[in-house]
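Here is what each chain is made of, one letter per residue.
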Amino acid sequence: MQETWQRALKQEITSHYVHNSPEWVDMNISTSGLLNLTIVSDRFAGLSIPQRKEQVLSFLRQSLSPGFLSLYTLQEAESLHLSRPQVANGDLVYTWQDLALQAANPQNYPQPSQRQLRVPRTVTFYSFKGGVGRTTALTHVAWILAMRGRKVVAVDLDLEAPGLSTAFNLNPQPEYGIVDYFYERSYLPEGVEPSISVAQIFGEVRIPNATGRLFVVPAGDFNLDYIAKVDDLRATTVVDRGENLWSIFTREIQEQLKPDIILVDSRTGINQWGALSLLRAADEVIIFLFPNEQNRQGIELLFQSIQVLRNLSMSLVFTPVPDVTETGMSKVRKIWQHLQENIKSSTDIDDETNEDENGDSESDLDESNSELVEPLVVPYLSPIALADSYPVPALIDYYNRIANLIDEETDKFKREDILTGADSRWKIIESLQFPEVNAADQKQDLSLVFQQTTDFVKFLDDTTCLIRGRKGTGKTALYWLLLKHSNTAKKLARGRLDQAKFLSGHGRFYDSRPSRDDFQIIHTGLQRENGSWEAFWRTYLLLRAFKENYFKFPKGKKGEKFRDLKKILDDLPVDKWQSEHSQGLLQLSTNVDLRLVVTDALYLIDEKLQQEDKILWLLYDDLDEDFPQSSEVRQQALTGLFQFLQACDSRRLTAIRFKIFLREDIWIGLNFDNKSHFNGRDILLQWTRVDFLRLALRQAIQSDEFKQLVNRFSPVESIEQASEEVIEQALELLWGSRRRRGSKAKYVSRWVYERLTDSSGTTFPRSLSILLKAAKERELSYQGQSSIKPPTDCLLRGKSLEIGLKGASEERCNAIREEYPDLRKFFDSLKDHQALLSKEELQTVWQESAQDIMSSFDNFADFLSEIGLAEWREQEQRYKFAGIYVYGFKMIRRGTV
């Protein structure tokens, strides 16, 4: 609840004088600022009236003028038959006086409840002064909305100066107007049915080529009877069943027409019909004003009164603006900026604070979002001023922004109806899947869930041979995409892979491959026989090509020199990798004569591919898994692989191309001659925010129900071609716009991306799927809990996403433990440490847990930065651990941003 000085004062007086249930305080402040106070308390026992007043006045602000001070003991109040006042109903605001009294006395009213979703939605066009183009704007906006497919009802409630039907040139006019309709229902005897039905008070404006419809409810036939009825009508009339005039009308027009929107042309200034239009009818108010001091003061007074209706949406339109040059617009901006502050103070709802289970508060503020956008402006248009009827088709575009406002709010209303519906909400959430890309699964339709990154085109380049990246960034997905989903890969490549064939040089695609133990045996054999890893990789490639029929031995004389090679390969077992495979490749790698023959065989493969106008891509994956981290085997084996690649380049084997998928830190740790040979021929897999958000949307729309929701409210024609803004709008249906309420809260899409990105800038797509799955399960746990209201703008609330982040963090921490098993003790030691560590604190943790692994602290700190775990923050003079690891290592988040 928002705290005000009135509430604080009443609370202070109550806490001093009310100590048991019969005692009470009633405080009212008149609109002129006089304080009227009634206190019933035994604290006054034995005190004279002047003494009582003197005591009470000590509580009052100096700026307050006391009015009536009625101060009684319990016995005195009982003798006068005084009783405690009833709690005021803040929803019963019918008149400007009701509004002013409530604005002056917020302490007597509960916080305004969320306005109920109403069908149809009502938008009131209001102005404090006349002659500002309010009715003109309504006619054009109603026309635009009907052209867009909306069913619109325009109602003339400017009863003292009607003109809406004339503006539309409505012909024929309906038999009656809203004045006749209201009048009959105000004065009918009990039990008598009205003779004027709602169907008799509207006419239709025929709009060529419109997909929607436009109906107009005029004020009535302007004659002497009309004048008498308007003078006799009271906007606050309540009929027998407790309904007011407006609620009867909206109920009956809904039954008759089922419109999408009702547009109300309100009376100007402060009067009863303006009050009805604003206080009872409106779900949204569009306020029109000329940019001068009179209008500014009038609208400012309106804001002071209307602040109690904190759930009423309001927008400002300056019209007709005579000078739209920079000079004229600077005046408009100055007034608009001042009034915007009033709107903000009267409509903003206090920020929610998201706390985790440790009691730590989120402090994700986005200061850049506090900038104001341009005001809505309609310039002075002489064709408008001279027109006999509206709209003026050539000038429709000037009113599109106003129509956009209404369209957005109407869609928001319909969206809320679905997102908060007891059945629809949970049905959509239950249907969400968020499948991970599992390219190894032949059954998965990869074309639906695989997301290209901005590096994909670079990856397709034949000269790109090294694909670097952290574990979990999508290297293996690319490996499997080419091998198991080659048709999908070629479709995504748009012709660039039409001539390509794909073969796994090493990786899990084949069950028959050397294991870590086999590679250790091969390494020992190479050392013993003075062989090289380069020769081994050449032989291993030939074996793969032979097994997959990319190489066939020549016949006749040409085949004689391959006789020994053919015998060795033919004798190898056809099943899984066995010792015979390792021994056979060792023999081919260490025998001088056989090594030359193997090289000749590769020439034949290249020659045949060139004749067929094909290119063979050799793919290498799982090199981090199959070579021990701390042994010399990894260094020598991978160095040999890259030397083999260099040798193929030097021998101009142009039809054989390599794609080596390697963890970034392993590549950095390799040292060999001519490493610079690969500069410009490598890519580092990085997920930009827009690619990451595209992936999130791909995963979400695997649910047909969510896809229908997106198609209805935020359609995306092509995920690949859509802008980041379009993707974000679609994802708002999933996770909302901002983390908390208030203009400075961080956007959810930015929060998700940053939280799943480590300190080296690496973002993990697998973590996204884990986060969203866990968030879904958390959200479903709220089902059936009536005391916990669902968010009105999205499916997954902030708290659910926070729980999802914990799950993603735990998975990522497990992954990094597996990547660097020697540092497990260090990782475990991070528990209960701050996520912002001073150099001395980190040094202490290193000494206790990792000094025996890395003897230099500086090298260790550089390594942490290299692997994306922590980075040095110069401003704070501390090491900041990446958010994606904080939860999983059970670190303390307080103080991080």
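Rules of the game
Residues numbered from 1 in each chain as written. Predicted model: local features only at pLDDT ≥ 70, side-chain atom pairs only at ≥ 80, totals over all residues. Heavy atoms only, no water. Axes fitted to C-alpha atoms, helices over the stretch in contact; angles between N-to-C directions. Helix = DSSP H or I, 4+ residues; strand = E, 2+ residues; numbered from the N terminus. Parallel < 35°, antiparallel > 145°, perpendicular 65-115°, else oblique. Left-handed = near helix turned anticlockwise from the far one by under 90°. Contact = heavy atoms within 4.5 Å. Nonpolar A, V, L, I, M, F, W, Y, C, P; charged D, E, K, R; others polar. Buried < 20%, exposed > 50% of the residue type's maximum accessible area, 1.4 Å probe, protein only. Pairing = 2+ DSSP bridges. Phe/Tyr/Trp six-rings, centres within 6.5 Å; stacked < 30°, edge-to-face > 60°. Lys NZ or Arg CZ within 6 Å of the ring centre and 35° of its normal. Core = buried A, V, L, I, M, F, W, Y, C linked by side-chain atoms within 4.5 Å.

(A) Looking closely at the packing of helix α20 (residues 516–528) against helix α21 (residues 533–547). Contact pair α20 / α21: the axes reach a minimum separation of 10 Å and the direction vectors enclose 125 degrees. On the basis of the axis angle, α20 is oblique to α21. The interaxial crossing formed by α20 with α21 has right-handed handedness. Counting all contacts with α20, which are made through Phe519, Ile522, His523 and Leu526, the residues of α21 involved are Trp533, Phe536 and Trp537. The residue inventory of the contact of α20 with α21, partitioned by class, reads six nonpolar, one polar and no charged.

(B) Molecular detail of the pairing of strand β5 (residues 151–156). Among the six residues that make up β5, five are buried, leaving the element largely enclosed by the rest of the structure. Pairing of β5 with strand β7 (residues 213–217), which is carried by five bridges, proceeds in the parallel orientation. Across the sheet, Val153 pairs through a bridge with Phe215, a residue of β7. As paired strands, β5 and strand β8 (residues 261–265) are joined by five bridges and run parallel to one another. Residue pairing in the sheet places Asp156 in a bridge with Asp265 of β8.

(C) Highlighting the packing of aromatic side chains. Applying the stated rule across the entire model yields 53 aromatic pairs. Seen in terms of ring centroids, Phe551 and Phe553 are 4.8 Å apart; in terms of plane orientation they differ by 75 degrees. Their pairing is edge-to-face. Residue classification places Phe551 among the buried residues on the basis of a relative accessible area of 3%. Taken together, the aromatic side chains of Phe450, Phe456, Phe459, Tyr479, Trp480, Phe502, Phe509, Tyr510, Trp617 and Phe661 make up a single cluster linked through ring pairs. The ring centre of Tyr181 lies 3.7 Å from the NZ or CZ of Arg185, which sits over that ring.

(D) How the structure looks around the nonpolar core. By size, the foremost hydrophobic cluster in this structure holds 75 residues, and its most contacted members are Phe706, Leu734, Trp735 and Phe826. Apart from the residues lying within four places of it in its own chain, the contact partners of Leu734 are Leu432, Phe434, Ala700, Phe706, Leu772, Cys794, Leu795 and Leu796. Core analysis: the second largest hydrophobic core is formed by 59 residues, Trp533, Leu565, Trp577 and Leu653 among them.

(E) Representation of the sheet that holds strand β11 (residues 376–379) within the structure. What the eight strands build is an open sheet, ordered β6-β7-β5-β8-β4-β9-β10-β11; its pairing is mixed. Bordering the open sheet on either side are β6 (203–205) and β11, each of which pairs with just one other strand. Adjacent strand axes in the sheet meet at a mean angle of 25 degrees when their direction is disregarded. The pairing of strand β4 (residues 121–127) with β8 spans five bridges and is parallel. From the neighbouring strand, Phe125 faces β8, where its bridge partner is Asp265.

Scope: geometric values only; no functional claims are made or implied.
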